[in-house]
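Geometric and topological summary
The lines below spell out each chain.
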Amino acid sequence: MALISLAQGLAHAQQHGYALGAFNVIDTHFLRALFKAAEQQRSPFIINIAEVHFKYITLDHLVEAVRFEAAKHAIPVVLNLDHGLHFEAVMQAIRLGFTSVMFDGSTLSYEENLRQTREVVKIAHAVGVSVEAELGAVGGDEGGALFGEADSAKFTDPNLAAEFVRETGIDTLAVAIGNAHGKYKGEPKLDFERLAAIRQQAGVPLVLHGGSGISDADFRRAIELGIHEINFYTGMSQAALGAIDQCMSSRNTRYDEFAEMLMAVETAISEIVMQQMQIFGSSGKA
C-alpha cells in the first residue's frame, strides 16, 4: 500500500492504545527484515532513515526500495527522517517523498529550536508531511558512542512543552525523561511522573527515543502515559552483529557463505523486531 503520514499512524495508535515501532534501516537487508516482521505480526510501523547514516547509503536509491517494498505489502508504513539536524537534510527528505520528518533542534537554545521548528512545520505541512521535534535532550549520542546515559538537567520541561507545541504546530514531540540512545549504562530509570505531566500539557502523541534496553514493563507504562512512537535501532544492530559472530565462528567453504551470512542477519533483525512489535502492542493492528 502507499506510505502513510506519521499523523495518520499516530492517530490510529492513540485511538487503539499502542505504540508504533520506529526502526532504522541502513540497507535493503534491514528493510526486508522489517517487512518480514511486519507481515508476520500484521503490524504497522515506521521506517526511520537517520541523517547520521546518510554517509553509509545512497538515499534516493534506498527511498525507492522503501516505496517498492511498501507497495508489495498491505501494511501501513511511515517513512520518517530520523534526527534531521540540518535544514538541508529535512528539505532533501521532503523532496524525496518522506511522509514525516524529525527536525532535531535539541542542541539549540529553546528560542532557536522553536523558531527553526516552526519554519520546518510551515514547509512540511504545506505538502502533507508530518513533523516530529525534540524538546530537552535525549541522552547518549545518535551515531556516536555505543553506551549512553541520561542527564536529568536536560529532561523535557512539561510547561515549556505546552508552549512549544502550541507555537510550532508539530504533530508529535520527542521527550527526554531518562531515556538514552545506544546501550544504557546501568538500569534506565524513566521519570513517569514527568511523562504524565508532559502528556497533559503538550496534548500531542509523544515519542520515546533510545528504546533498546528499556524493560517490557516500562514500555507498557510509557504507552499508557502517552508514548505512541518508540525508536529502536541499537538492539537491531546488536542482533545483526551477533548473527555475524555466530556465522564467523562456524565458517564453511561454501561458495555462497557470505550470502548466507546476510540472510542470517535479516533473520536476527526480523526476530527482535517482532518481539518489539508485540511489546509495543502494535501486533495485529495493521
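The text that follows walks through the structure, step by step, so that each part is easy to find. Predicted model only: the values in this text are computed from it and were never measured. Position numbers for residues start from 1 in each chain and track the written sequence from start to end. In keeping with the predicted nature of the model, local features appear solely for residues at pLDDT of at least 70, side-chain atom pairs appear and are counted solely at 80 or more, and the whole-chain, interface and lining totals rest on all residues. Side-chain numbers come from the whole structure's heavy atoms, not from hydrogens or water.

So, on to the sheet that holds strand S4 (residues 100-103). Pairing between two strands requires that DSSP report at least two bridges joining them. Put simply, DSSP H or I for four residues or longer makes a helix, DSSP E for two residues or longer makes a strand, and each gets a number counted from the N terminus. If you trace the eight strands once around the closed barrel, you get S1-S2-S3-S4-S5-S7-S9-S10, paired in parallel fashion. For this sheet the average axis-to-axis angle between neighbouring strands, irrespective of direction, equals 25°. Examined bridge by bridge, strand S9 (residues 206-208) and strand S10 (residues 227-232) share three bridges and lie parallel to one another. Its bridge partner being in S10, Leu206 is matched across the sheet by Ile227. Every angle, taken between N-to-C directions, lies between 0 and 180 degrees, and every axis is a line fitted to C-alpha atoms, over only the stretch in contact when it is a helix.

Two aromatic rings are characterised by how far apart their centres lie and by the angle between their planes. Any Phe, Tyr or Trp ring, taking Trp's six-membered ring, that has another such ring centre within 6.5 Å forms a pair; planes under 30 degrees apart are called stacked, those over 60 apart edge-to-face, and the others tilted. Scanning all chains against the criterion turns up five aromatic pairs. Where Phe30 meets Tyr233, the ring centres are 6.3 Å apart and the plane angle is 35°; that geometry is what we call tilted. Taken together, the positions of Phe30 in helix H2 (residues 28-41) and Tyr233 in the loop between S10 and helix H9 (234-249) put the pair 203 residues apart, joining distant regions of the chain. Between Phe35 and Phe45, the ring centres sit 5.2 Å apart and the planes meet at 80°, which makes this aromatic pair edge-to-face. A residue pair is termed long-range when its members are at least 10 positions apart, and Phe35 in helix H2 and Phe45 in strand S2 (residues 45-50) qualify at 10 residues. One exposure class covers both Phe35 and Phe45, and it is buried. Burial classes follow relative accessibility: with a 1.4 Å probe on protein chains only, a residue under 20% of its type's maximum area counts as buried, one over 50% as exposed, and anything between as partly exposed.

Before going further, it helps to spend a moment on the nonpolar core. Within the largest apolar cluster, 78 residues are counted, with the highest numbers of intra-cluster contacts made by Phe45, Ile47, Ile49, Val101 and Leu173. Whether two residues touch is decided by their heavy atoms; if any such pair falls within 4.5 Å, the residues are in contact. Setting aside its immediate chain neighbours within four residues, Leu173 contacts Ala133, Glu134, Leu135, Ala161, Phe164, Val165, Val204, Pro205, Leu206 and Val207. Within the second largest apolar cluster, nine residues are counted, among which are Leu10, Ala13, Tyr18 and Leu20. As used here, the term nonpolar core means buried Ala, Val, Leu, Ile, Met, Phe, Trp, Tyr and Cys residues forming a set that is joined through side-chain atoms within 4.5 Å.

The buried fraction of strand S3 (residues 77-84) is high, at eight of eight residues. Two strands pair when backbone bridges link them, and S2 and S3 are joined in this way by six bridges, in the parallel orientation. For Ile49, the partnering residue across the bridge sits in S3 and is Leu81. Looking down the strands as they point away from you, a crossover is right-handed if its path from the first strand over the helix to the second goes clockwise. Traced from S2 through helix H3 (residues 59-72) to S3, the parallel crossover comes out right-handed. Pairing analysis gives three bridges linking S3 to S4, with the strands arranged parallel. Counterpart to Gly84 in the pairing with S4 is Phe103. Handedness of the β-α-β unit built from S3, helix H4 (residues 87-96) and S4 comes out right-handed.

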